[in-house]
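# Remarks on the overall topology
Spelled out, the chains give:
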Amino acid sequence: MRDERAQAAARDGADAESAASQTFQKQELLNAAEGTFGKGAAGLAGILERTLKEQGQPNAYIAGREASGAVVVGLRYGKGTMFHKVEGQQPVYWTGPSVGFDLGGDANKVFVLVYNLYDSEDLYKRFPAGEGRVYFVGGFAATYLRRGNIVLIPIRLGVGWRQGVNLGYMKFSHTSKWFPF
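The paragraphs below set out a description of the structure included in this document. Since the model is a prediction, treat every value here as computed from it, not as a measurement.

With that settled, the discussion passes to the pairing of strand 6 (residues 150-173). In terms of strand pairing, strand 2 (residues 88-115) meets strand 6 through 21 bridges, oriented antiparallel. Paired with Val110 across the bridge in strand 6 is Arg156. Here strand 5 (residues 145-147) runs beside strand 6; their pairing, made up of three bridges, is antiparallel. Bridge pairing links Leu145 to Leu152 in strand 6. If you look at the hairpin formed by strand 5 and strand 6, you'll find two residues sitting between the two strands, and Gly148 has a positive phi there, around 65°.

As structure tokens, this is what we get:
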């Protein structure tokens, strides 16, 4: 009886260790985000810690850059590298049209936490998005995108002048595209 309990406890420990090895830990993510935004970016640790506390640990992340602009109708273009805990790293590109009460332009460094992405090919679809932001020089913004079970949480550090609210989507692809639809 004691051996059976010991074996069950060992299996449970192995399952927990296996699950942890398939997700990124807090320190790994903080180091990667600092690599994207720069060491000591004010507010980054707080946003990241709060997101991890609410959502848990992601199994992938994307580090990259994007530019966007809008006068009622907006466009966004970005590129980066996806780091998947199981499948490794690969380049990724995204575009996204939007429409709303939105005006301005910005350039952003982007760090996207990716949850429940078990096959990286599932990323290459449209993810609906709604945003609202106001900044005149720069600032952090975090949004939430979901398609099925896959959740994306882009954290952006932007420079520019942007204010408004919009609806749109982000579409990911293997190659760079000019046509955002």
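The grouping of Val71, Val72, Val73, Val99, Leu103 and Trp161 at the surface amounts to a nonpolar patch, some 540 Å² of accessible area in total. Sorting the residues of the nonpolar patch by element identifies strand 1 (60-84) and strand 2 as the ones contributing at least two each. Residue contributions to the nonpolar patch peak at three residues, all from strand 1. Looking at the element boundaries, Val72 is found in strand 1. Owing to a relative accessible area of 48%, Val72 belongs among the partly exposed residues under this scheme.

This paragraph deals with the pattern of salt bridges. Note on pairing: side chains with opposite charge can pair once their charged atoms come close. Across all of its chains, the model carries six salt bridges by this definition. With its nearest N and O atoms 3.0 Å apart, the salt bridge here joins Glu28 to Lys85. Taken as a pair, Glu28 in helix 2 (residues 26-37) and Lys85 in the loop between strand 1 and strand 2 lie far apart in primary sequence, 57 residues in all. We classify Glu28 as partly exposed; its relative accessible area is 33%. Taken together, the salt bridges that share partners define one network made up of Glu66, Arg76 and Arg156.

What counts as what
Residues numbered from 1 in each chain as written. Predicted model: local features only at pLDDT ≥ 70, side-chain atom pairs only at ≥ 80, totals over all residues. Heavy atoms only, no water. Pairing = 2+ DSSP bridges. Helix = DSSP H or I, 4+ residues; strand = E, 2+ residues; numbered from the N terminus. Patch = residues over 30% accessible without salt bridge, like charges linked within 9 Å, V, L, I, M, F, W, Y side chains within 5 Å. Areas by Shrake-Rupley, 256 points an atom, 1.4 Å probe, with all protein chains shown as cover. Salt bridge = Lys/Arg side-chain N within 4 Å of Asp/Glu carboxyl O. Buried < 20%, exposed > 50% of the residue type's maximum accessible area, 1.4 Å probe, protein only.

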